[in-house]
Amino acid sequence: MQQLLNGVFLGSIYALFAIGFTLVFGILDRLNLAHPAVFAVAAFVGIELVAVAGMSIWLAIPVVALIGAVLGVVIDVVAFRPLRDRPDGHFAGLISSIGLAGMFIALLLARYGPDTRRFPVDSFPSTAFEVAGARVTVLQVAIVAISILLMVGLTWLVAKTRLGRAMRAVAENPKAATVLGINVNLVTATTFALSSALGAVAGVLFALNVNSAQLGMGSAIELKGLAVIIVGGMGSLPGALLGGLMLGLAEVFAVQYIGSSWRDLVAFGLLFALLIVRPQGLFGSRRVREV
């Protein structure tokens, strides 16, 4: 039971990170490889807000989400929008986002240096309780609750709101969306902002969970986020949540019963096995949208 819960807690962070990836990739068909850098920036900024500015973690998380949203708009305007009309715009934007990610990390290095940073000991209540013989902390419960609430809220926004309909229209055909009076640039920037806000929250929660923030923390989770969105089904928000939970559980049980050095081998091996059985992912469709 303890390992099961640990896997759920870890998987919730993976899912939250992957949902941000999925939002831009599923709606805009853009792979934003600056997303992991936003994850790292958020962790360092969150620690500074709490440790230096004395801000409560409950206030720091929304502030970091707002900062992440601003970074998302910057990513869109700087890395993707100038290249949108090029024939190779998808690939060029991907490379451009890698360059922008490197700039973000360089700015982090200039401000904070190469050392690991941590939240103050009393940043979050250390209260713990038992569930079926397993120890559960309030932080772990908060991580799962925040991840699920954000996923449900985002799913509702995309499916039920005017903004969500505009997002889906832009995804199908940007030119037709423009003819219908949709501000494509505004919808695209909003999508990037929401995606990066989710990635920023995931970065703070991850740093809280392990009480550590490092410059390379985004790169370490990047491949796992990509694996999650592929396994969950391209563009599927519920698929990203379930895929993240599956990856977290696979890692935790691999460490428990085989060894930590086998963690990634077992986790990614299971994901590949799943894709052999269901190539389109858990919630994906075999239908391919024609452009």
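Structure first, text after, so check above.
Below: a short report on this structure. The shown structure was predicted, so the numbers you read here are calculated from the model rather than taken from an experiment.

### Quick word on the overall build of the chain
Within the chain, the regular secondary structure consists of 11 helices and 2 strands. Along the chain direction, N to C, the helices and strands of the chain fall in the order α-α-α-α-β-β-α-α-α-α-α-α-α. Against the globule reference of 19 Å for 291 residues, the chain gives a C-alpha radius of gyration of 19 Å, in line with a compact fold. Projected onto its principal axes, the C-alpha coordinates of the chain cover approximately 60 × 50 × 35 Å. Scored against the burial criterion, the 291 residues of the chain give a buried share of 50%.

### Focus on the pattern of salt bridges
Using the criterion set out here, one finds 6 salt bridges in the structure. A salt bridge links Arg-81 to Asp-76, with the nearest nitrogen and oxygen atoms 2.9 Å apart. The exposure class assigned to Arg-81 is partly exposed, which follows from its relative accessible area of 28%. One salt-bridge network, held together by shared partners, links Lys-224, Glu-251, Arg-263 and Asp-264.

### Some thoughts on the packing of aromatic side chains
Overall, the coordinates contain 6 aromatic pairs when judged by the stated rule. Members of the aromatic cluster, connected to one another through ring pairs, are Phe-17, Phe-21, Phe-39 and Phe-206.

### Re the pairing of strand β1 (residues 128–131)
Alignment of β1 against strand β2 (residues 134–137), held across 4 bridges, turns out to be antiparallel. Residue Glu-130 lies in a different strand from β2, and its bridge partner there is Arg-135. The turn linking β1 back onto β2 is made up of 2 residues, and Ala-132 within it adopts a positive phi angle of 55 degrees.

### With respect to unusual backbone geometry
Despite not being glycine, Asn-211 has its phi angle at roughly 50 degrees, a positive value. Its place among the elements puts Asn-211 in the loop between α8 (184–210) and α9 (217–232).

### Notes on a positive patch on the surface
The grouping of Lys-160, Arg-162, Arg-165 and Arg-168 at the surface amounts to a positive patch. Per-element tally for the positive patch: the top contributor is helix α6 (residues 162–172), with 3 residues. Along the polypeptide, Arg-168 turns up in helix α6.

### Observations regarding helix α4 (residues 89–112)
For α4, which comprises 24 residues, the first-to-last C-alpha distance of 34 Å matches the rise-based estimate of 34 Å (1.5 Å per residue) to within 8%. Listed in full, the buried residues belonging to α4 are Gly-89, Ala-92, Gly-93, Leu-94, Ser-97, Leu-100, Ala-101, Phe-104, Leu-108 and Tyr-112. As for α4, its buried residues are in contact with α2 (35–51) and α3 (57–80). Where α4 terminates, the next one or two residues include Gly-113, which has phi positive at roughly 80 degrees.

### Some thoughts on a nonpolar patch on the surface
Taken together, the side chains of Leu-66, Val-70, Val-73, Val-74, Val-77 and Val-78 define a hydrophobic patch exposed on the protein surface, amounting to about 460 Å² of accessible area. Here Val-77 lies in helix α3.

### Let's talk about the layout of surface pockets
Space inside the second largest pocket adds up to approximately 330 Å³. In terms of lining, the second largest pocket is formed by 16 residues, of which the most central are Tyr-14, Phe-206, Val-210, Ala-220 and Lys-224. If you list the elements that add at least two residues to the lining of the second largest pocket, you get α1 (2–28), α8, α9 and α11 (263–277). For the lining of the second largest pocket, the leading source of residues is α9, giving 4 residues. Taken together, the residues of the lining of the second largest pocket break down into 8 nonpolar, 4 polar and 4 charged.

### Notes on the packing of α1 against α8
Relative to each other, α1 and α8 sit at 165 degrees, their axes nearing to 8 Å. In terms of their interaxial angle, α1 and α8 are classed as roughly antiparallel. When the axes of α1 and α8 are compared, the crossing they make is left-handed. In this structure, α1 uses Ile-13, Leu-16, Phe-17, Ile-19, Gly-20, Phe-21, Leu-23, Val-24 and Leu-28 to contact α8, whose residues at the interface are Thr-188, Thr-191, Phe-192, Leu-194, Ser-195, Leu-198, Val-201, Ala-202, Leu-205, Phe-206 and Asn-209. Its residues assigned to classes, the contact of α1 with α8 shows 15 nonpolar, 5 polar and no charged.

### A short note on the packing of α6 against α8
Packed helix pairs are specified by the crossing angle of their axes together with the interaxial distance, meaning the distance between the axes. Remark: α6 packs on α8, axes separated minimally by 10 Å, with the N-to-C direction vectors making an angle of 105 degrees. The angle between the axes of α6 and α8 places the two elements in the roughly perpendicular class. Listed contacts from α8 to Leu-163, Ala-166, Met-167 and Val-170 of α6 are Val-184, Val-187, Thr-188, Thr-190, Thr-191 and Leu-194.

### Notes on the side chain of Ser-147
Along the polypeptide, Ser-147 turns up in helix α5 (residues 138–160). Other than its neighbours up to four places away in sequence, Ser-147 contacts Ser-12, Ile-13 and Leu-16.

### A look at the nonpolar core
The nonpolar side chains of soluble globular proteins are, as a tendency, buried together. Residues Ile-57, Ile-75, Phe-104, Phe-119 and Val-204 are the most contacted members of the largest nonpolar core, which totals 90 residues. Ranked by the residues each element gives to this core, the list is headed by α8, at 14 residues. Contacts of Val-204, omitting those with residues within four sequence positions, involve Ala-42, Ala-43, Ile-57, Ile-61, Val-64 and Phe-119. With 5 residues, the next largest nonpolar core counts Phe-9, Ala-134, Val-136 and Val-144 among its residues.

Criteria and thresholds
- The numbers attached to residues start from 1 for each chain and follow its sequence in the written order.
- Totals for whole chains, interfaces and linings use all residues, but because this is a predicted model, local features are given only for residues with pLDDT of at least 70 and pairs of side-chain atoms are given and counted only at 80 or more.
- In computing side-chain properties, one takes all heavy atoms of the structure into account and sets aside hydrogens as well as water.
- Here a helix means four or more residues in a row that DSSP labels H or I, a strand means two or more in a row labelled E, and each is numbered from the N terminus.
- It is over C-alpha atoms that the radius of gyration is taken, and the globule rule equals 2.2 Å times the number of residues to the power 0.38.
- Here the term buried applies to any residue with accessible area under 20% of the maximum for its type, exposed to any over 50%, and partly exposed to those in between, with areas from a 1.4 Å probe on protein chains only.
- A side-chain nitrogen of Lys or Arg and a carboxyl oxygen of Asp or Glu constitute a salt bridge if their distance falls within 4 Å.
- For Phe, Tyr and Trp, rings pair up if their centres lie within 6.5 Å, where Trp contributes its six-membered ring, and each pair is then called stacked (planes under 30 degrees apart), edge-to-face (over 60) or tilted (otherwise).
- Strand pairing is assigned whenever DSSP identifies at least 2 bridges connecting the two strands.
- Patch construction takes residues with relative accessible area above 30% that form no salt bridge. Like charges are linked within 9 Å, and nonpolar side chains (Val, Leu, Ile, Met, Phe, Trp, Tyr) are linked within 5 Å.
- Shrake-Rupley sampling with a 1.4 Å probe provides the accessible areas, and residues are treated as covered by the protein chains on show and by no other component.
- In summary, the charge assignment counts Lys and Arg as positive and Asp and Glu as negative, without counting His or the chain termini.
- A charged residue contributes its charge at one atom only: NZ of Lys, CZ of Arg, CG of Asp or CD of Glu.
- The span expected for a helix works out to 1.5 Å for each residue beyond the first.
- Contacts are residue-level and defined by heavy atoms, with any inter-residue pair within 4.5 Å sufficient.
- Computed over the protein atoms alone on a 1 Å grid, cavities are sets of points where a 1.4 Å probe fits but cannot get out and pockets are open sets with protein on both sides within 12 Å along at least five of seven lines; a residue lines them when it has an atom within 4 Å of a point.
- Grid points are joined across faces, edges and corners, and a volume is the space filled by probe spheres set on the points.
- Polar here means any residue outside two lists: the nonpolar Ala, Val, Leu, Ile, Met, Phe, Trp, Tyr, Cys and Pro, and the charged Asp, Glu, Lys and Arg; Gly therefore counts as polar.
- Angles run from 0 to 180 degrees between N-to-C directions of axes, and those axes are lines fitted to C-alpha atoms, restricted for helices to the stretch in contact.
- The labels follow the angle: roughly parallel below 35 degrees, roughly antiparallel above 145, roughly perpendicular from 65 to 115, and oblique for the rest.
- Crossings are assigned a handedness: left-handed for a near helix turned anticlockwise from the far helix by less than a right angle, right-handed for a clockwise turn.
- Put simply, a nonpolar core is a bunch of buried Ala, Val, Leu, Ile, Met, Phe, Trp, Tyr and Cys residues held in one set by side-chain atoms that sit within 4.5 Å of each other.

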